[in-house]
Amino acid sequence: MGSASKQSDPTGKQPKPGSKSAQQADRRARIAELRAVEQRRERRNKILTIGISSALVLAMIGGGTWLALDAKHKNDEKKAAAQASADAAQKVKDDAAKADIPGLQTFGKLTQNHVQTEVKYPQTPPVGGDHNPVWQTCMGNVYDKPIKNENAVHSLEHGAVWVTYNGKATPEDIKALSDKVKATPYSLMSPYPDEQGTITLTAWSNQLVVDSASDPRVETFFAKFVQGPQTLEQGASCSSGQM
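This structure is a prediction, so every number in the text was calculated from the model and none was measured.

Participant: Hey, could you run me through the pattern of salt bridges in this one?
Facilitator: Under the defined criterion, the tally for this structure stands at three salt bridges. Ionic pairing is found between Glu 219 and Lys 180, a salt bridge with its closest N-O pair at 3.0 Å. Here the residue Glu 219 occupies a position in helix H5 (residues 217-225), and Lys 180 occupies one in helix H4 (residues 171-182), the gap between them amounting to 39 residues. Classification of Lys 180 as partly exposed rests on a relative accessible area of 23%. Ionic pairing is found between Asp 215 and Arg 217, a salt bridge with its closest N-O pair at 2.8 Å.

What follows is the structure, given as structure tokens:
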């Protein structure tokens, strides 16, 4: 206030109250005070903004870290669950491979030449032997008409299970077996009117006859022989064959 007054009056005398000089001095003083208040407000706002920004950055870093850790945890859980499922499936397969299946017929070593001609097989349906160079597509394929023996036998060589049935099979049996085959790569199914058994399950050099799809040996046969130890060409394709 004093310096403002001196600037307004070079003589150093205090301006008279109400005079023009006094009014100008008061105005400058108010402006200076308002400017100081504004500067303090700006400093507070700047500090507050920096604080909020820092908090947001820390929250984002913390949130991102938590999300990354949570995603990793969920991924690890999925991997663990998938591994546990695979281990359980492998155990079932290993146990089935060792299990005896009542009524199972085995036929020993069989020829496996590729031929273009029709083959007369000693078993009905055939369990192996010479066969056509083209396999029957067997990635869970269900055929509503009979297929050629020579193509199906080639599928057996690749580790497929072939499900066949005659006119004695019920619609319920056919539906249940169809669902099973469709869910099982390296398997196929087709009608076989000439077979003696109601339902026949065939793998290379192995065969089982059952009367019903609900027979527990069906599951055991699939577990044991789909890509099982009898497979002559492990890893061979079951897709892109004869349809």
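Participant: What exactly am I supposed to notice about the environment of Trp 204 here?
Facilitator: When you line up the elements, Trp 204 lands in the loop between strand S5 (199-203) and strand S6 (206-210). Of the residues examined, Trp 204 reaches a relative accessible area of 4% and is grouped as buried. Once the C-alpha coordinates of Trp 204 and Gly 128 are considered, the two residues, 76 residues apart in sequence, prove to be 5.4 Å apart. If we ignore the near neighbours within four places in the chain, the residues touching Trp 204 are Leu 110, Thr 111, Gln 112, Val 127, Gly 128, Gly 129, His 131, Val 153, Leu 156, Glu 157, Gln 230 and Leu 232.

Participant: Would you mind going over the packing of aromatic side chains with me for this structure?
Facilitator: Think of a pair of aromatic rings as described by two things: how far the centres are apart, and how the planes are tilted against each other in angle. For the coordinates displayed, the defined rule picks out two aromatic pairs. Ring geometry for Trp 162 versus Tyr 192: centroids 5.9 Å apart, planes at 65°, classification edge-to-face. Taken together, the positions of Trp 162 in strand S3 (residues 161-165) and Tyr 192 in the loop between strand S4 (187-191) and S5 put the pair 30 residues apart, joining distant regions of the chain. In this structure Trp 162 comes out as buried when scored by relative accessible area, which is 0%. On the basis of an interplanar angle of 50° and a centroid distance of 4.7 Å, the ring pair of Phe 221 and Phe 225 is categorised as tilted. Residue Phe 221 and its partner Phe 225 are located together in helix H5, separated by four residues, close to a single helical turn.

Participant: Sorry, what's going on with the state of the cysteines here?
Facilitator: Here, disulfide denotes a covalent bond that connects the sulfur atoms of two cysteines. Across all of its chains, the model carries one disulfide by this definition. There is a disulfide in this structure between Cys 138 and Cys 238, and the S-S distance comes to 1.6 Å. Taking the torsion about the sulfur-sulfur bond, which here is approximately -95°, the covalent link between Cys 138 and Cys 238 counts as left-handed. Highlighted residues: Cys 138 in the loop between strand S1 (105-106) and strand S2 (139-142) and Cys 238 in the segment after H5, separated in sequence by 100 residues.

Participant: Any chance you could explain the sheet that holds S4 here in plain terms?
Facilitator: Hydrogen bonding along the main chain pairs the strands of a sheet, whether they run parallel or antiparallel. In space, the six strands of this open sheet follow the order S1-S6-S5-S3-S4-S2, with mixed pairing throughout. Two strands close off the open sheet at either side, each with one partner strand: S1 and S2. Summarising the sheet, S1 and S6 pair through two bridges and their orientation is antiparallel. The residue of S6 that forms the bridge with Thr 106 is Asn 206. Relative to S3, helix H3 (residues 149-157) is tilted by about 140°, and along the sheet it contacts S3, S4 and S5.

Participant: Would you mind showing me how to read the side chain of Thr 184 here?
Facilitator: The residue Thr 184 is located in the loop between H4 and S4 in this model. Those residues in contact with Thr 184 that lie beyond four places of it in its chain are Met 139, Gly 140, Phe 222 and Val 226.

Rules behind the numbers
- Residues numbered from 1 in each chain as written.
- Predicted model: local features only at pLDDT ≥ 70, side-chain atom pairs only at ≥ 80, totals over all residues.
- Heavy atoms only, no water.
- Salt bridge = Lys/Arg side-chain N within 4 Å of Asp/Glu carboxyl O.
- Helix = DSSP H or I, 4+ residues; strand = E, 2+ residues; numbered from the N terminus.
- Buried < 20%, exposed > 50% of the residue type's maximum accessible area, 1.4 Å probe, protein only.
- Contact = heavy atoms within 4.5 Å.
- Phe/Tyr/Trp six-rings, centres within 6.5 Å; stacked < 30°, edge-to-face > 60°.
- Disulfide = S-S within 2.5 Å.
- Pairing = 2+ DSSP bridges.
- Axes fitted to C-alpha atoms, helices over the stretch in contact; angles between N-to-C directions.

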